[in-house]
Amino acid sequence: MSAIRVLVVDDAAVVRRQVSLLLGSDPGLEVVATAANGRIALAKVEQFQPDVVLLDLEMPELDGLETLKLLRQRSPELAVVMFSALTERAGVLTLEALSLGARDYVTKPTSSGGLNVTVEAVRDELVRKLKALNVRASPVAGPALAPRVHPPRPQGSARVEIIVMGASTGGPGALVRVVSALPADLSVPVLIVQHMPPLFTRLLAERLEGASKLRVREAVSGEQVRPGSVWVAPGDFHLSLTGDATGVRLLTHQAPPENACRPAVDVLFRSAVDVYGAGVLAVVLTGMGQDGLRGCRRVDEAGGQVVVQDQASCVIGGMPGAVEQAGLADGVTSLDGMAAELVRRVEARGRRS
């Protein structure tokens, strides 16, 4: 397979040079061109036909968001990855970019060590995310593996008491579509793990709140879990549940990362099973890797339900695909149909169907 062709767009010459050297050192990637702003980038997309555009947000003449909008019109299948600073303004703009069709983002960490430290800090994430888009995969590479079939089990044999969701690459956009479609009278709480850094998770919660009929906020330890509310795990903190005579409460903590992630989907799913047992409805949306697989196995063993997003509607199907391949999915649903499917399962309330 030939190398993935990348266009690097950033108004800082030193960033363009360093990132180009970084990506060019990997045999699976080829930097075919660079651009100092969006207007130049649009011309170079036509000239060099890249597979992926690595796009800065704040640039003169034509910024990242306006460039992205034009790219979506002219080349809707072109993969765009945002390259943004870890600031509140950049976070807001990055979430907007994801809603406009950017496939993913990589943050530019601030460091007193200078650019070299910054480049080292993003090396693994940047290369991994560009390759994970799989934009050069051959459509005739071979037949897809058939998913393992989950053993028949009466749906709704246990009443759903909580929905727990996990997502990664492509997750912010997917979550907006799912959470915004949930009804205001949803009778169970919803807890979400989205792989994002601190600050970004708060901004995501605020974005979901604005789009949803439900109350959505970033999780805080000690808050009581109530039906009809949605909580998002804070960046760099796992989200768990703890129950006692007074009810079920949130617990955020910094135990070691799992699956190289904190927050991790597996941590939330296991914790939900510990508290709610068979009453857990676990949902795995688009994302890279296998976070959530072990947690779904625990949900399945406890008699709970597992629903995953179908591959066709995923930005990257690694996370839901791993669960489906393991035979743990009770349902495989498109993104557009996900909210209705979750409501249907919640409302079954013990009826067999």
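> Got a minute to help me understand the confidence of the model for the chain in this structure?
Do not read the predicted coordinates in detail wherever pLDDT is low. Taken as a whole, the chain shows an average pLDDT of 89; of its residues, 88% reach a score of 70 or greater. Throughout residues 138–144 the model reports pLDDT below 50, and contacts reaching past four residues in sequence, or to other chains, amount to 1 contact.

> Even after reading the chapter, I still don't get the pairing of strand β6 (residues 162–167), so can you show me in this structure?
Across a regular strand the side chains alternate sides, sitting on one face of the sheet and then on the other. Of all 6 residues making up β6, 6 are buried, and the element is well covered by its neighbours. Pairing geometry for β6 and strand β12 (residues 280–284), over 5 bridges, is parallel. Bridge pairing links Met 165 to Val 283 in β12. Strand direction decides the pairing type here: β6 and strand β7 (residues 190–194), joined by 5 bridges, are parallel. Across the sheet, Ile 163 pairs through a bridge with Val 190, a residue of β7. As a crossover connection, the stretch from β6 through helix α6 (residues 171–180) into β7 is right-handed.

> What am I meant to see in the packing of helix α2 (residues 38–48) against helix α3 (residues 64–74) here?
Each pair of packed helices can be summarised by the angle the axes make with each other and by the distance between the axes. It is the contact of α2 with α3, at a shortest axis distance of 10 Å, that shows an interaxial angle of 20°. Taken together, the axes of α2 and α3 lie roughly parallel to each other. Along this stretch, α2 crosses α3, giving a crossing that reads as right-handed. Each of Gly 38, Leu 42 and Val 45 in α2 lies in contact with α3, whose residues at this interface are Thr 67, Leu 70, Leu 71 and Arg 74. A per-class count over the contact of α2 with α3 returns 4 nonpolar, 2 polar and 1 charged.

> Just checking my understanding: could you explain the side chain of Gln 194 for this structure?
Position of Gln 194 relative to the elements: it lies in strand β7. On the basis of relative accessible area, Gln 194 is assigned to the buried category, the value being 1%. Among residues more than four places away in sequence, those in contact with Gln 194 are Ala 167, Ser 168, Gly 171, Pro 172, Leu 175, Thr 201, Leu 204 and Pro 263.

> What should I look at first to understand the pairing of strand β1 (residues 4–9) in this one?
Within β1, 5 of the 6 residues are buried, which leaves it mostly tucked inside the rest of the structure. With 6 bridges connecting them, β1 and strand β2 (residues 29–35) associate as parallel partners. Opposite Val 9, over in β2, you have Ala 35 as the bridge partner. Alignment of β1 against strand β3 (residues 52–56), held across 4 bridges, turns out to be parallel.

> When you look at the packing of aromatic side chains in this model, what are you seeing that I'm missing?
Inspection of the entire model under this criterion finds 1 aromatic pair. Residues Tyr 105 and Phe 200 carry aromatic rings whose centres are separated by 5.5 Å and whose planes lie at 25° to one another, so their mutual orientation is stacked. On the criterion of sequence distance, the pair formed by Tyr 105 in strand β5 (residues 104–108) and Phe 200 in helix α7 (residues 200–211) is long-range, its members being 95 residues apart. Exposure class is identical for Tyr 105 and Phe 200. Each is buried.

> What's the story with the sheet that holds strand β14 (residues 331–333) in this structure? I'm lost.
Within a sheet, neighbouring strands are paired by backbone hydrogen bonds and run either parallel or antiparallel to one another. One open sheet accounts for 7 strands, arranged β8-β9-β7-β6-β12-β13-β14; its pairing is parallel. Looking along the sheet, the strands with just one partner apiece sit at the ends: β8 (215–218) and β14. If you compare each strand with its neighbour and ignore which way they point, the axes differ by 20° on average. α6 rests against β6, β7, β8 and β13 (305–309) of the sheet, and its axis sits at about 165° to β7. Its contacts with the sheet put helix α11 (residues 335–348) on β6, β12, β13 and β14, and the angle it makes with β13 is roughly 170°.

> I tried to follow helix α9 (residues 293–301) on my own but got confused; where do I start?
Spacing of three or four residues puts side chains on the same side of an α-helix, whose turn is 3.6 residues. Buried residues of α9: Leu 293, Gly 295, Cys 296, Val 299 and Asp 300, and no others. All buried residues of α9 lie within an arc of 155° about the axis, which places them on one face of the element. Exposed and oriented more than 90 degrees from the buried face of α9 are Arg 294 and Glu 301. For α9, the elements touching its buried residues are α8 (265–276), β12, β13 and α10 (318–325). Positive backbone phi, at 90°, marks Gly 303, one or two positions downstream of α9.

Quick notes on the rules
- Residues numbered from 1 in each chain as written.
- Predicted model: local features only at pLDDT ≥ 70, side-chain atom pairs only at ≥ 80, totals over all residues.
- Heavy atoms only, no water.
- pLDDT = per-residue confidence, 0-100.
- Contact = heavy atoms within 4.5 Å.
- Buried < 20%, exposed > 50% of the residue type's maximum accessible area, 1.4 Å probe, protein only.
- Helix = DSSP H or I, 4+ residues; strand = E, 2+ residues; numbered from the N terminus.
- Pairing = 2+ DSSP bridges.
- Right-handed = clockwise from strand over helix to strand, strands pointing away.
- Axes fitted to C-alpha atoms, helices over the stretch in contact; angles between N-to-C directions.
- Parallel < 35°, antiparallel > 145°, perpendicular 65-115°, else oblique.
- Left-handed = near helix turned anticlockwise from the far one by under 90°.
- Nonpolar A, V, L, I, M, F, W, Y, C, P; charged D, E, K, R; others polar.
- Phe/Tyr/Trp six-rings, centres within 6.5 Å; stacked < 30°, edge-to-face > 60°.
- Arc of directions from axis to C-beta.

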